[in-house]
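Chains, contacts and geometry: an overview
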Amino acid sequence: MVHNAKFSAGSLVFKFPVPEAIPISGADFVIVSKNDVAISNGIKPTIFSSTNPANSQNPAMRVQYLGHRDATACYAVEIAAGTALPADWEYSGVRELFGRIPEDELAIAALAVQIIDFDRTTQFCGFCGAKTRQLRTERAKFCSDCNQITYPRLSPAIIVLVEKEDQILLARSPGFPPGLHSVIAGFVEPGENLENAVQREVREEVGIAVKNIRYFGSEPWPFPHSLMIGFLADYAGGEIAIDKKEIVSAGWFSCDNLPQIPSSLSISRALIDGWMERRNLLSSKSGSL
Ligand SMILES: [Zn+2]
C-alpha cells in the first residue's frame, strides 16, 4: 500500500541556479502572511496568483523560490500582516485549505509557509552571528564570514499503529479535542534510529513493548518542520501504563468500538484506515469459508 501523502510537494522541481530577478508576472505566486496563505474564492479556488502581490506600496517582506511546476516558476511571497488582498481573496491557515484546493496545491501551500519560515529564522548565521545570504545553487543560506551553510530544518517524528490481535492501541494527548484518540507519535532523538524511536515512544507513553516494526509510509508535516514516518508494529508485552504528562488515556480498540479518530488529512488516519481495510478483508474472507 502506498501512502497518499497530503503534504508531499513532489510536483515541484527545484531548478538551479535560481533566477536572480523575481518576475512581476508569468509565475505562480503564493501569498504568505505569517503562517497563513491567501486563497481566491472564485469558482475554482486557488492559492496561485499570476501577478506578484508585492508593489511599491506593499513591498514584499521576503520572497522564496519554491520550484517549477512544469515550465512555471513558483514563488512564496510574504507580505505584511493585514495587507489588503484583491477582491475575492482571503487568508487561511494551511490545514483549513484541505478539501478546498487540489492536494498538490495544498502541499505547495504548506511548503510556502515552511520555506518562508526558513527564510525568517535564518537571517543570521547561527555560528558567528553575521548576516547570511541566500544561495542560488541550493535551498540554503550562506555565511561569507565563516563559510557556514544553513539548510531548512527538518524534525523527523515517528508515528506508529500498534496491533494486538484484532485491536489497535489508541491514546489521547492532553491537547486533543474532547473524545479524539490517535496512534502514538513522537520526535526522533539524536542517536536513535527510527525503530529505536518507535520502541521508546510506545514504552514511554503507554508502557508496553512492541515488535515486528514495519515501515508504512511518510508525510511531510510542515507545522512547522516535521517529517512524519509511519510504522506498523505488533504488541510484544506489558500492560498499559500511561505517562500522564503526554497522554491522558489509552486503550485497545477494535473495529466496532473505535472512538473519534483524526481527520483524513493526517497519516495517523491513513494508518487506522489501512488497518480497518485489512480487518474487513480478513473478516470477509473468514466469513466466506
Ligand atoms: Zn557565520
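The structure displayed is predicted, hence computed values, not measured ones. (Residues numbered from 1 in each chain as written. Predicted model: local features only at pLDDT ≥ 70, side-chain atom pairs only at ≥ 80, totals over all residues.)

1. Remarks on unusual backbone geometry
Note the cis peptide between Phe-16 and Pro-17, where omega equals -15°. Within the element layout of this structure, Pro-17 appears in the segment before strand E1 (25–33). The residue after Phe-223, namely Pro-224, is reached through a cis peptide bond having omega 5°. Mapped onto the fold, Pro-224 is located in the loop between strand E13 (209–221) and strand E14 (226–237). A positive phi angle, near 55°, is found at Lys-34, a position not held by glycine. Mapped onto the fold, Lys-34 is located in the loop between E1 and strand E2 (36–40). Even without being a glycine, Asn-147 presents a positive backbone phi close to 65°. Of the residues examined, Asn-147 has 10 C-beta atoms within 10 Å and is grouped as exposed. (Helix = DSSP H or I, 4+ residues; strand = E, 2+ residues; numbered from the N terminus. Buried ≥ 20, exposed ≤ 12 C-beta atoms within 10 Å, placed from the backbone.)

2. A look at the domain arrangement of the protein
Each assigned domain of the protein is listed with its residue range as follows: domain 1 (25–121) and domain 2 (155–282). Each of domain 1 and domain 2 has a C-alpha centre, and the two are 33 Å apart. At the junction of the two partners, domain 1 supplies 7 residues and domain 2 supplies 5 residues. Across the side of domain 1 that touches domain 2, the residue classes break down as 4 nonpolar, 1 polar and 2 charged. (Domains from an automatic or database assignment. Contact = placed C-beta atoms within 7 Å. Nonpolar A, V, L, I, M, F, W, Y, C, P; charged D, E, K, R; others polar.)

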